[in-house]
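Geometric and topological summary
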Amino acid sequence: MEFIKYDVEGMVGIITIDRPKAMNALNSDVLKELGSAVDAVDLDAVRVLIITGGGEKSFVAGADIGEMKDLSKSEGEEFGKRGNDVFRKIETLPIPVIAAVNGYALGGGCELSMACDIRLCSENALFGQPETGLGITPGFGGTQRLSRIVGVGIAKELIYGAANIKADEAFRIGLVNHVYPAEELMDNAKKLANKIANNAPIAVRNAKKAINDGIDQPMDEAIVTEEKLFGDCFETHDQAEGMGAFIEKRKEKTFTNS
Ligand code: DAK
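Scope of this entry: the structure provided in the associated data block. Source: prediction; values computed, not measured. (Residues numbered from 1 in each chain as written. Predicted model: local features only at pLDDT ≥ 70, side-chain atom pairs only at ≥ 80, totals over all residues. Heavy atoms only, no water.)

For the rest of this paragraph, the subject is the packing of helix α6 (residues 142–150) against helix α7 (residues 152–161). Look at α6 against α7: their axes get within 7 Å of each other, and the N-to-C directions meet at 135°. Classified by the angle between their axes, α6 and α7 sit oblique to one another. Note on packing geometry: the crossing formed by α6 with α7 is right-handed. Contact residues: α6 offers G142, T143, L146, S147 and V150, while α7 offers V152, I154, A155, L158 and I159. Its residues placed into classes, the contact of α6 with α7 shows seven nonpolar, three polar and no charged. (Axes fitted to C-alpha atoms, helices over the stretch in contact; angles between N-to-C directions. Helix = DSSP H or I, 4+ residues; strand = E, 2+ residues; numbered from the N terminus. Parallel < 35°, antiparallel > 145°, perpendicular 65-115°, else oblique. Left-handed = near helix turned anticlockwise from the far one by under 90°. Contact = heavy atoms within 4.5 Å. Nonpolar A, V, L, I, M, F, W, Y, C, P; charged D, E, K, R; others polar.)

Dropping the structure here:
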């Protein structure tokens, strides 16, 4: 792959988007490679995925404006679908995905971070949906995910105003969970990833599915979704191990994803 690096450290996979000449902007090739990299994650070995940007300035500076500039209506829709398909793949990946936002997260970059389960960022991160200033709407899920994460009022202000916000404001509105000095971001992302990876994978995956599926359902349906995924954890090795360790007052636990 030309624009994507993939590393595995223990139970944690790390995807780095690396297109330094264009601040890691997402063109069709980057999107295609990103989709292939996500497809290739070995879900038997990897329990948490981190997505970050190469270099020190940018996570992802958006969809590639040069590539979008001359698109027709139907080509624009097709480009939007290409990004949405990849981002939805990330959002619905069975394992948790952490965005380690190491700089600019504009347009498609902000949208990519929002397709991840948890966002951590560096102090120099800048978030925003500048699309209305470019004559388009956010097209990789921004109009839908931003309002679900920070609320409709704040999402509308950010999108209509094409405003960029710094890390501390992103933290204040709940767009990111934690802000770290740039040099400490990846260590903290890995620390969180390992903390999650050490819990029972079946339970973590079912919790992700319950939260994601339930958020769009009426409460009466959502609690049934939860009941099924809760029930699904029983009669597994990991449930016996987790509860057995508690009853036996045993600190060591071995979860096997079975
Ligand atoms: N696309 C293409 N190239 C980009 C880019 C981008 N989004 N962002 C940066 N680059 C390129 C610059 O053109 C420059 O290239 P050269 O001139 O060196 O060849 C290089 O990266 C370095 O950028 P700068 O020289 O500008 O570096 P600075 O440090 O001065 O500024 C910056 C960095 C990130 C603040 C600035 O580059 C910037 O403002 N970039 C654009 C940010 C932006 O507006 N992003 C949102 C893009 S719109 C849809 C599908 C998707 C979308 C919408 C609709 N459908 C079809 C439904 C999504 C839209 C977007 O994401």
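And the narrative resumes.
All right, on to the site of the ligand then. Among the 25 residues in the neighbourhood of the ligand, the closest are listed as K57, A61, A63, G76 and G108. In the environment of the ligand, a nitrogen atom lies 3.0 Å from a nitrogen or oxygen atom belonging to the backbone of I65. For the ligand, whose accessible area on its own is 1100 Å², the fraction buried by protein is 63%. Elements represented by at least two residues in the shell around the ligand include exactly α2 (65–68), α3 (73–91), β6 (104–106) and α5 (131–134). Of all the elements, α3 adds the most residues to the shell around the ligand, at three residues. (Near = heavy atom within 4 Å. Polar contact = N/O pair within 3.5 Å; in protein donor to acceptor, adjacent residues only side chain to side chain. Areas by Shrake-Rupley, 256 points an atom, 1.4 Å probe, with all protein chains shown as cover.)

Another aspect to go through is the pairing of strand β1 (residues 4–9). Summarising the sheet, β1 and strand β2 (residues 12–17) pair through six bridges and their orientation is antiparallel. Looking at β2, one finds that E9 is bridged to V12. (Pairing = 2+ DSSP bridges.)

Now for the environment of T137. Structurally, T137 is set in the loop between α5 and α6. Judged by its relative accessible area of 56%, T137 falls in the exposed class. In the structure, T137 is positioned 59 residues away from E78 in sequence and 14 Å away in space, judged by C-alpha atoms. (Buried < 20%, exposed > 50% of the residue type's maximum accessible area, 1.4 Å probe, protein only.)

Considering all chains together, one arrives at three aromatic pairs under this definition. Taking 5.3 Å as the distance between ring centres and 70° as the angle between the ring planes, the aromatic pair formed by F87 and F140 counts as edge-to-face. With F87 in helix α3 and F140 in the loop between α5 and α6, the pair connects residues that are 53 residues apart, well separated along the chain. We note that F87, like F140, is buried. Geometrically, the ring pair formed by F230 and F234 is edge-to-face, given 5.1 Å between the ring centres and 75° between the ring planes. Accessibility expressed as a relative area gives 32% for F234, which makes it partly exposed. (Phe/Tyr/Trp six-rings, centres within 6.5 Å; stacked < 30°, edge-to-face > 60°.)

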